[in-house]
Structure formats: structure tokens, C-alpha cells
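Coordinate inspection notes
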There are 2 protein chains.
Amino acid sequence: MTREPRMTGGGAPTLEDVARVAGVSRATVSRVVNGIRNVDPAIQEAVRQAVAETGYSPNRAARTLVTRRAETLALVVSGAGDDSPAEQAAFASRVFADPFFGRVTSGVIGYLRPRSMHPVLMFAETPDARDQVVDYLRQGSADGALVVSTHARDPLPGMLADEGLPAVLFARPAQPVPISYVDLAHQDGARLAAEHLLARGCRRVATVSGPLDIPAGQDRLAGFRDAMARRGHPYVPVVEGGFTLESGEEAALRLLAEEPDVDGVFAANDLMARGVCRVLRERGIDIPDEVAVVGFDDSPAAQSAEPALTTVRQPVEDMAAEMARLLHVRIETQEPEVRSVIFEPELVVRESA
Amino acid sequence: MTREPRMTGGGAPTLEDVARVAGVSRATVSRVVNGIRNVDPAIQEAVRQAVAETGYSPNRAARTLVTRRAETLALVVSGAGDDSPAEQAAFASRVFADPFFGRVTSGVIGYLRPRSMHPVLMFAETPDARDQVVDYLRQGSADGALVVSTHARDPLPGMLADEGLPAVLFARPAQPVPISYVDLAHQDGARLAAEHLLARGCRRVATVSGPLDIPAGQDRLAGFRDAMARRGHPYVPVVEGGFTLESGEEAALRLLAEEPDVDGVFAANDLMARGVCRVLRERGIDIPDEVAVVGFDDSPAAQSAEPALTTVRQPVEDMAAEMARLLHVRIETQEPEVRSVIFEPELVVRESA
DNA sequence: TTGAAAGCGCTAACAT
DNA sequence: ATGTTAGCGCTTTCAA
């Protein structure tokens, strides 16, 4: 028994090989492999046998060629940079420095894996890289794109829309673009923060906002101001931050200088909230007794921060999974209907407020 | 001019379409597109015209089917878990909590992008997920795997080797496996830490090691002990940590209890070093004057930590790029030669020591 | 230097 | 219920 029944020649076993071993036609094997009914149970069994015996694994390229489905989605993190080499090198590190992206990945994989689909990771921070993404989709290498944009003027969503390529965004784009997206009710989240701060007795409340050219930044600020105003606090000092730890520190410094008697701060994300806490601690100001701090996102860092952050939870994993689902449906149905799904935030009370 | 020359039917333009527009054969277009010489410059130009005119983009599946190259690599983060749902959900977040993985991704993409190759992100923390990875490669969906293993008993490398699938590992595997890998000269790195601590005058030095079932953990400890011994310090207190912030804190607590007069600590990674610093600060112990702390990795967190960490730099991005290169060469040449490339660490002096 | 033609491995009509 | 057959779009001998 030197001669294995596995291979025709040198390559991997094909449908043909399995068919021969099972004594049926290629089509029948294909049906069994793809779980299509109308196949005699006895034959099904024979085919399964043959598959096991030969160690057959369907060739994805061949399948993709005929079905026109790559079973692959591009997971792209896009920016708005130019072609400077420094830009490119730093981008990935910057992206992953925020645990946010890991949560997105986790949610996406959670949806894709049971469906035997896979994410191809792409960064689109330069014009070249953006073209590559578009090309990748046009080639049919991926069936669609899940886009997490990090900048307001990111041209990628527009490019995708122009090409009619299936895509779903995380968060509403700054410029209106006919593409589906998943987002959070930021204003409601900000309101929760305002209510909590007020309920715990804060009377001189300020906020460190996110970048105001980004909808999430705008909405969290607007929601916070609005909620405060409705509760008798028409004036809320604001310092604009950049969603980074450092910008949180700088903002806290400015805030302390301008409003020394502040007793509550709403930071528009956890990273900035941590920056604020750090500055407060350096000044020997007690959190939350002298100044209460509320963050936003409930990133893993919020829990391990000191003090543990009271924050507004954004269900990033669920939102990412929903992105994948929307895109999947869009691809399956071929209907280019634009939709949005908005998630509700909830308050997580820990130590900082 | 209603009729566009672009499409035959409804689909995307194909080689056939371009050939028709250019007035040449499919083969010629293919040659031009793939940059094969021996094509008349005039015809080349005509083809390029036609390509632009039709908006042609080669179909990747068709190409892969004949060339047997997917131009795709699997970037897999693997663990050694079982099939518990909790396991799966938490894995991605845990992975990305360490900035290490972002650096790997950055390095990999840096190598792949100019070569029009792309990474498919896969987690392999459960038996099912591992099988999916193997299957993915066997299907030819990816040409090989870049594996970052997070556990000593990870079965994936062995599975890959058994199947003869092209793969390269980040770091030498705990159990010997005939697969190429990229690694750091951990012992040299630990020696740098020892020398620095001693040079700045520390005399009662301890170390928080990594997990001792992982080569990196073992080597950093062995290297540190060896270097200390050679310099007249045969006894070095050790507390084993788990490469996490929390384990660093716990280790520091134990260390302080057992060796109250310690004046220098080498933590086997930055996360643990930060944990140590945090505990030290809480106790009001000055860093570096009372206790100097040296970390390992030079992760982004090292720079933004307080105090900024003196640490041993591991050139993760370069190492990851080298992984990709090794795998690429392995795939191109078809030679299953097992190699290893070892990088040299360097000391980065900041504030903590 | 260019073209004709044979397949890569698979799915999906269509025929039986 | 199963088999036959015609491609999917591309690369690559082989002829010319």
C-alpha cells in the first residue's frame, strides 16, 4: 500500500479526488460539502468518508471565483494623513495605543468567526493606502469594508461611496456620506454624566470636550451642556481636548487655572479623564471628594485607573459586531440601502465620581 | 455615446474587456499588467490606456487560482485556552491591552504593504479556532502564518509544523518545533539592566520575572542572575510575575515584605515595571533615589509612565517585519529550511533608574 | 514579440 | 437524487 489515494499529482486533494474515492460525481461532493440537501444519506456518508480519507479542504480561490464572494471583510482604520513616512510608521502604534480598537476587533471577530469569514486588517492613513483599500475591494479580495475613521476629514468613506463599494462605518461621518453606520447616543451618555455629577452634589461643573470637528466630540459636549442647562446650570466651562491622555492633562491645567473652584469634571473619554485625574492628584486634590471626575467609553483602562473611573459605557464590542452584521446583510441582499443603528450608553459608577 | 466600452455584461471589467479595447490578446494584457518584459512599448502604452479607460482591476481569486498564491498572510495571535465562551470573548481585549501587539501589526504591515500583500487577523485561543487557522491555510486562503503565541503550551506551532504549512513565530517556542522564528537576545537585555542598576550604585537588587514557563521569562531571569553573579552578586531575590500590571503590583508587595531594603528592581517587562512603580509610589518610596526600576520592552507605555521608565528596548516593529520577510522568502523559495533571527536589545535610560 | 488554448478547482444550470 | 457541462478570470506553456 505505497500508493495513497489522496492525490492525483503533487498538489492538494481536489473535489475530483474526493469524487473518485467516493465513487460519485464532483457535483455531488460539492453538494455534500456545502450542506445542500437532496443528497441520499448513504451517499452523504460515503462522501464524508472520502473527504476524511483524502484530507480534502475546498480551495477558496476557486470557490470565490465562481461565487463572487471572498468571505472576507476589510477592517480598515483610516486617518486623513498625507504621504509622509513618519505618518505611516506612527499610525499603527497610535491606533493601538487606544484600547478602543482592540474592542472593535474583538466584536468583529465575534461576529465573523462563526460564519467562517475573516477580517483583513488595513490602515488607510495616506492617499496611497486609501487607494489600496479601494483597489482591494474592487479586486474582489474582500466583499466589503468595516471602517473606523479617526479623523473628521477622512476622504475614504466618500471614495467608497463613489465606487459603490459595500461599507459600514463606526460612528456617523463628519461630512454626510451615503454609507450605513453604527453609533452611540452620545448626547444621552453625556446627560447621564451630567445627572450623576449633579446628583452627587457638584455645583461648579466643567467639561473637557473631545475634538470639536468630530461628531462624537460635538455631541458629547452638546448633550452635556443641554442636560446641565435644563437643570439650572446654563454656564459650563469647556476646554477642548484631543481624546489623548496628554490633552487631558493640559486641559486640566487650564481648567484649574481658569476655574479654581471647580468640583466636577466630565471628560469626553476615559483617556482624558485619566489625564485629568493625574493632574488633580499631583495638586493633592482629592477625587472624588474635592473634584469628581466622569469619563466616557468604559475602556479597560477605566477599571484599572487610579482611582477607578466612573464613566459612560459605550458597548464597543456589540457595536462592532453590529457593523459586521450590517455589512454582511448589505452584501448578501445586494441592496444598497443606507441604515444606521444607534446604541444606548449606560453609566458605570466606580470611584472617581 | 451611451454605450460604455467598459463592461461585457454587468460585472467588473475583465482582461477580455481590456484586450478588446486595446486591440490585443488577453495574454498580452496579462503580460503588461504583470510587468513582464518582451512587450512592444507601443503596445504597452495602448494597454495601459485601455486599462485606465476600462477601470480594470485584476480579479484576485482568478489569479490566486492559477498562481497558487493568495498574497495574504495570516497574522495569528494564539493562546492555549479551551472552548469556554468567556475565554473567547476576553481574549482579543486582553491581547490588545498590551501595546506589544499593535507594534507587531505595525511592523508586519510595514513589510507587506509595499508588496501588495495583506494580513488576515486571526485569534487562535481555542481548539476550534486553531483548527480554523490550519484550515484557512490548507484552503490556500493565506500563503502562510505569522504566529504570536501567548502561552507556553500553545499547540498551534506543532499543528502547523505537522501539516507542513509555512509559518514563522515571534519568539522561540517553549517546546522545540521545527519552525523558523524571530527573537531577542533576552539574556543580553537582562545583562544591560543589571549593569545599569549596579553602575548607578544599587546594592540590594531584586527582580520581578516573567512567567517561568515561557522562554522569554526564563531567559530574562537567567541573563539577569548570571550578569549579577559575575559582578559579585550571587544572590538575587526573585518574584515571579505574569507580565501584567497587576502581577507587577503583587510582586512589588511581596518583594517589599521579604526584602524591605531593596534599592533596585528589574521587572521583566514594562507593564510589571509600572505596577512596581505604582506600589513604590503609594508607599512614598522615591524612584529612582530610594529604589531604581528598570523595565523591559520599551513599550509606548514606558515613555508616558510616571516616572518615565528606564527600560531595555526590544525592536518589536523590526522583528515583526523580519518575521514577515522570513515567511515571504520561505513561501517564495518553497524551501522549508528552519531559521532564526536574533535581535539585539538596547538600554533606554529615562527617569526610573 | 504576440496569440491561441489549456487549464487552475469550484459551483450552478441543466439534463437525466 | 445525481451526473454532465459550462464557465468564473486569470496565467502560462506552446506555436507562430
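The structure under discussion appears in the preceding block.
We now examine the overall build of chain A. Secondary structure summary: chain A contains 14 helices and twelve strands in total. Relative to its length of 353 residues, chain A is extended, with a C-alpha radius of gyration of 26 Å against a globular reference of 20 Å. The buried share of chain A, taken over its 353 residues, is 49%. Considering only intrachain contacts with a sequence separation of at least 6, the fraction spanning at least 24 residues in chain A is 72%.

Now for the interface of chain B and chain A. The partner chain A presents 36 residues to the 37 residues of chain B that form the contact. Listing elements by their share of the side of chain B that touches chain A, those giving two or more residues are α4 (60-67), α5 (85-97), α6 (100-112), β2 (118-124), α7 (127-138) and α13 (300-304) of chain B. Each residue belonging to the side of chain B that touches chain A can be placed in one class, and the counts come to 21 nonpolar, twelve polar and four charged.

Let's shift gears to the protein's contact with DNA strand D. Neighbouring DNA strand D are 26 residues; A:Ala27, A:Asp40, B:Leu15, B:Ala27 and B:Ala62 lie closest to it. Counting residues per element, the ones that place at least two in the surface near DNA strand D are α2 (26-33) and α4 (60-67) of chain A together with α2 (26-33) and α4 of chain B. The residue inventory of the surface near DNA strand D, partitioned by class, reads 13 nonpolar, nine polar and four charged.

The next point concerns the protein's contact with DNA strand C. Around DNA strand C, the structure places 26 residues, and the nearest of them are A:Thr14, A:Leu15, A:Ala62, B:Asn38 and B:Asp40. Residue assignment for the surface near DNA strand C shows that the elements contributing at least two residues are α2 and α4 of chain A together with α2 and α4 of chain B. With five residues, the single largest contributor to the surface near DNA strand C is α4(A). Residues that form the surface near DNA strand C fall into these classes: 13 nonpolar, nine polar and four charged.

Judged by nonpolar contacts, the single largest core of 107 residues is most densely connected at A:Ala74, A:Ala145, A:Leu146, A:Phe170, B:Ala74, B:Ala145 and B:Leu146. Not counting residues within four places of it along the chain, the set of residues in contact with B:Ala74 comprises B:Val120, B:Met122, B:Val133, B:Tyr136, B:Leu137, B:Ala142, B:Ala145 and B:Leu146.

Turning next to the relation of the copies chain B and chain A. Relating one copy of the chain to the other takes a rotation about an axis and a shift parallel to that axis. Overlaying chain B with chain A gives an RMSD of 0.1 Å, the required rotation being 180° about an axis along which the chain moves by 0.1 Å. Taken together, the turn and the small shift mark the pair as related by a two-fold rotation axis. Comparing contact sets, 95% of the residues at the interface of chain B also lie at the interface in chain A, consistent with an isologous, same-surface contact.

Residues and elements named next belong to chain A. An ideal rise of 1.5 Å per residue puts 22 Å on 16 residues; helix α10 (residues 215-230) measures up with 22 Å between its terminal C-alpha atoms. For α10, every residue scored as buried is listed here: Ala216, Gly217, Asp219, Arg220, Leu221, Gly223, Phe224, Arg225, Ala227 and Met228. Those residues of α10 that are buried are in contact with α9 (186-199), β6 (205-209), β7 (238-240), β8 (264-267) and β9 (292-297). Positive backbone phi, approximately 90°, marks Gly232, located one or two places after α10.

What describes two packed helices is the angle between their axes and the distance between those same axes. Contact geometry of α4(A) with α4(B) gives a least axis separation of 8 Å together with a crossing angle of 145°. Considering how the two elements wind past one another, α4(A) and α4(B) form a crossing that is left-handed. Judged by residue contacts, A:Ala61, A:Ala62, A:Thr64 and A:Leu65 of α4(A) engage B:Ala61, B:Ala62, B:Thr64 and B:Leu65 from α4(B). Partitioning the contact of α4(A) with α4(B) into residue classes produces six nonpolar, two polar and no charged.

In this section: the environment of A:Val133. Residue and element names in this part refer to chain A. Secondary-structure assignment places Val133 in helix α7 (residues 127-138). According to the C-beta neighbour criterion, Val133 is buried, with 25 such atoms within 10 Å. Placed 55 residues apart in sequence, Val133 and Ser78 show a C-alpha to C-alpha distance of 9.9 Å. For Val133, the contacting residues outside a window of four places in its chain are Ala74, Val76, Met122, Ala124, Ala145 and Leu156.

This part covers the sheet that holds strand β12 (residues 346-348) of chain A. Residue and element names in this part refer to chain A. The mixed open sheet is built from six strands, whose spatial order is β7-β6-β8-β9-β10-β12. Each of the sheet's edge strands pairs with one partner strand only, and the pair in question is β7 and β12. The sheet shows a mean angle of 20° between the axes of neighbouring strands, direction not considered. Two strands pair when backbone bridges link them, and β6 and β7 are joined in this way by three bridges, in the parallel orientation. For Thr207, the partnering residue across the bridge sits in β7 and is Val238. Lying over the sheet, α9 contacts β6, β8, β9, β10 (310-313) and β12, oriented at roughly 165° with respect to β9. On the sheet, α10 packs against β6, β7, β8 and β9 and is oriented at approximately 170° with respect to β6.

Moving on, we come to the pairing of strand β9 (residues 292-297) of chain B. All names here are of chain B. For β9, the tally of buried residues reaches six of six residues, placing the bulk of the element in the interior. Taken together, the three bridges between strand β8 (residues 264-267) and β9 define a ladder with parallel strand orientation. By the bridge assignment for β9, Val265 is matched with Val293. Read as a crossover between parallel neighbours, the route from β8 over helix α12 (residues 270-282) to β9 is right-handed.

What counts, and at which threshold
- Residues numbered from 1 in each chain as written.
- Chains lettered and ligands numbered in written order.
- Predicted model: local features only at pLDDT ≥ 70, side-chain atom pairs only at ≥ 80, totals over all residues.
- Helix = DSSP H or I, 4+ residues; strand = E, 2+ residues; numbered from the N terminus.
- Rg over C-alpha atoms; globule rule 2.2 N^0.38 Å.
- Buried ≥ 20, exposed ≤ 12 C-beta atoms within 10 Å, placed from the backbone.
- Contact = placed C-beta atoms within 7 Å.
- Nonpolar A, V, L, I, M, F, W, Y, C, P; charged D, E, K, R; others polar.
- Near = placed C-beta within 6 Å.
- Core = buried A, V, L, I, M, F, W, Y, C linked by C-beta atoms within 7 Å.
- Least-squares fit on C-alpha atoms with pLDDT ≥ 70 in both.
- Expected span 1.5 Å × (residues − 1).
- Axes fitted to C-alpha atoms, helices over the stretch in contact; angles between N-to-C directions.
- Left-handed = near helix turned anticlockwise from the far one by under 90°.
- Pairing = 2+ DSSP bridges.
- Right-handed = clockwise from strand over helix to strand, strands pointing away.

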